[in-house]
Amino acid sequence: PRLLSQFFFADERVTRVVAEINGLDAELDPQQYLVLLNQLHLSQAHLLAILERIMEECIPTQRHSRDYLVKFPEELLVDNLGNHMLFAAECLLAGTFLEVEEADGAQLRPQARSLLCSLELVRTVLREQSLSQPGSYPEPVQAVLVQFDRLFAEFELSYVSSLVAVKSPEEIYRQQEIIVLFCETVERALHLGYLTQEMIDGYEPLLMFTIPRLAIISGLLIYPEGPLSLEQSPEQMSRVFSPFYNLLKKIRDLLRVLSAEELCLLERSLCAAE
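Quick notes on the rules
- Residues numbered from 1 in each chain as written.
- Predicted model: local features only at pLDDT ≥ 70, side-chain atom pairs only at ≥ 80, totals over all residues.
- Heavy atoms only, no water.
- Helix = DSSP H or I, 4+ residues; strand = E, 2+ residues; numbered from the N terminus.
- Rg over C-alpha atoms; globule rule 2.2 N^0.38 Å.
- Buried < 20%, exposed > 50% of the residue type's maximum accessible area, 1.4 Å probe, protein only.
- Contact = heavy atoms within 4.5 Å.
- Areas by Shrake-Rupley, 256 points an atom, 1.4 Å probe, with all protein chains shown as cover.
- Lys, Arg positive; Asp, Glu negative; His and termini not counted.
- Charge placed at Lys NZ, Arg CZ, Asp CG, Glu CD.
- Phe/Tyr/Trp six-rings, centres within 6.5 Å; stacked < 30°, edge-to-face > 60°.
- Core = buried A, V, L, I, M, F, W, Y, C linked by side-chain atoms within 4.5 Å.

Q: Hey, could you run me through the overall build of the protein chain in this one?
A: Across its full length, the protein chain carries 10 helices and 0 strands. Element order for the protein chain, N to C, with α for helix and β for strand: α-α-α-α-α-α-α-α-α-α. Relative to a compact globule of 274 residues, whose C-alpha radius of gyration would be 19 Å, the protein chain shows 26 Å and is clearly more extended. With respect to the principal axes defined by its C-alpha atoms, the protein chain has extents near 80 × 45 × 35 Å. Residues counted as buried form 36% of the 274 residues belonging to the protein chain. Restricting to contacts in the protein chain with at least 6 residues of sequence separation, those with at least 24 account for 71%. When the accessible area of the protein chain is evaluated, it comes to approximately 16,100 Å², of which 57% is carbon and sulfur surface. Charge centroids of the protein chain, computed over 22 positive and 40 negative side chains, lie 2 Å from each other.

Q: Can you walk me through the packing of aromatic side chains in this structure?
A: Pairs of aromatic rings are described using the distance from one ring centre to the other and the angle between the two planes. The full count for this structure, using the stated rule, is 3 aromatic pairs. Measuring from centroid to centroid gives 5.6 Å for phenylalanine 155 and tyrosine 159, while their planes differ by 25 degrees, and the two rings are stacked. One end of the pair, phenylalanine 155, and the other, tyrosine 159, are both in helix α5 (residues 139-163), 4 residues apart, so they sit about a helical turn from each other. Among the residues examined, tyrosine 159 registers a relative accessible area of 3% and is labelled buried.

Q: I'm lost on the nonpolar core in this one. Help?
A: Counting residues in hydrophobic clusters, the biggest one holds 45 residues, and the most contacted among them are Leu51, Ile54, Leu126, Leu145, Phe148, Phe155 and Tyr159. Ranked by the residues each element gives to this core, the list is headed by α5, at 10 residues. When near neighbours in sequence (up to four residues on either side) are disregarded, leucine 51 contacts Phe7, Leu119, Val122, Leu126, Leu145 and Phe148.

None of the figures reported here should be taken as evidence of function without further support.
Have a look at this one:
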């Protein structure tokens, strides 16, 4: 049950698969090579998962910040992102640029080299510790883990930034404003009786259409200084709404001529419409 013992056997598995790959002629047996390569990815993912648990147990207050993850596109935030980063570092060190431009890859190679060297040091230190005192993490072990955690985070941010346009702090702030607008819209709709708490608690599918519709009205009339403010240029708005800048202006102009009763009727109609 000890994490260091689990790490030892997971590390043995990675070492064994690597040895098999190195002893195989990929051109003579390409199918077996692919099988071993898949085994390597799985065993490395298992090793990284155990290492993550060790760091959470050993250096929980010294972990490098991962706040930058909020800048990543949601499709990249998958369970195997860490293993993908490790594979990318190995490819870069081998001179293979699978996903990045050659110029970007050349700049990333020193970081990839530092990361992989740090990982090898971690594996060596943890193996020795697992064979001597598998229940403790002395200060030298902690220092090695802290360094690896920092290098991994720095490489992850740099590599992903070379692949996609990560969100700027301004865009993140705009998205948070939209979240606030939606929350205030729901609160107002509950107060006016447009929605019920039972609909929200039951994840009523109609809400996927109702809440955004009501939020547009709220953003244009009730909270005109919020994320839907048309006093700003399209470039200053969130990318969610900026393509519809001119359409939003037309909607706002139409809403302004409605009486309170007509606005209420419109909002109730939007809550019922499919």
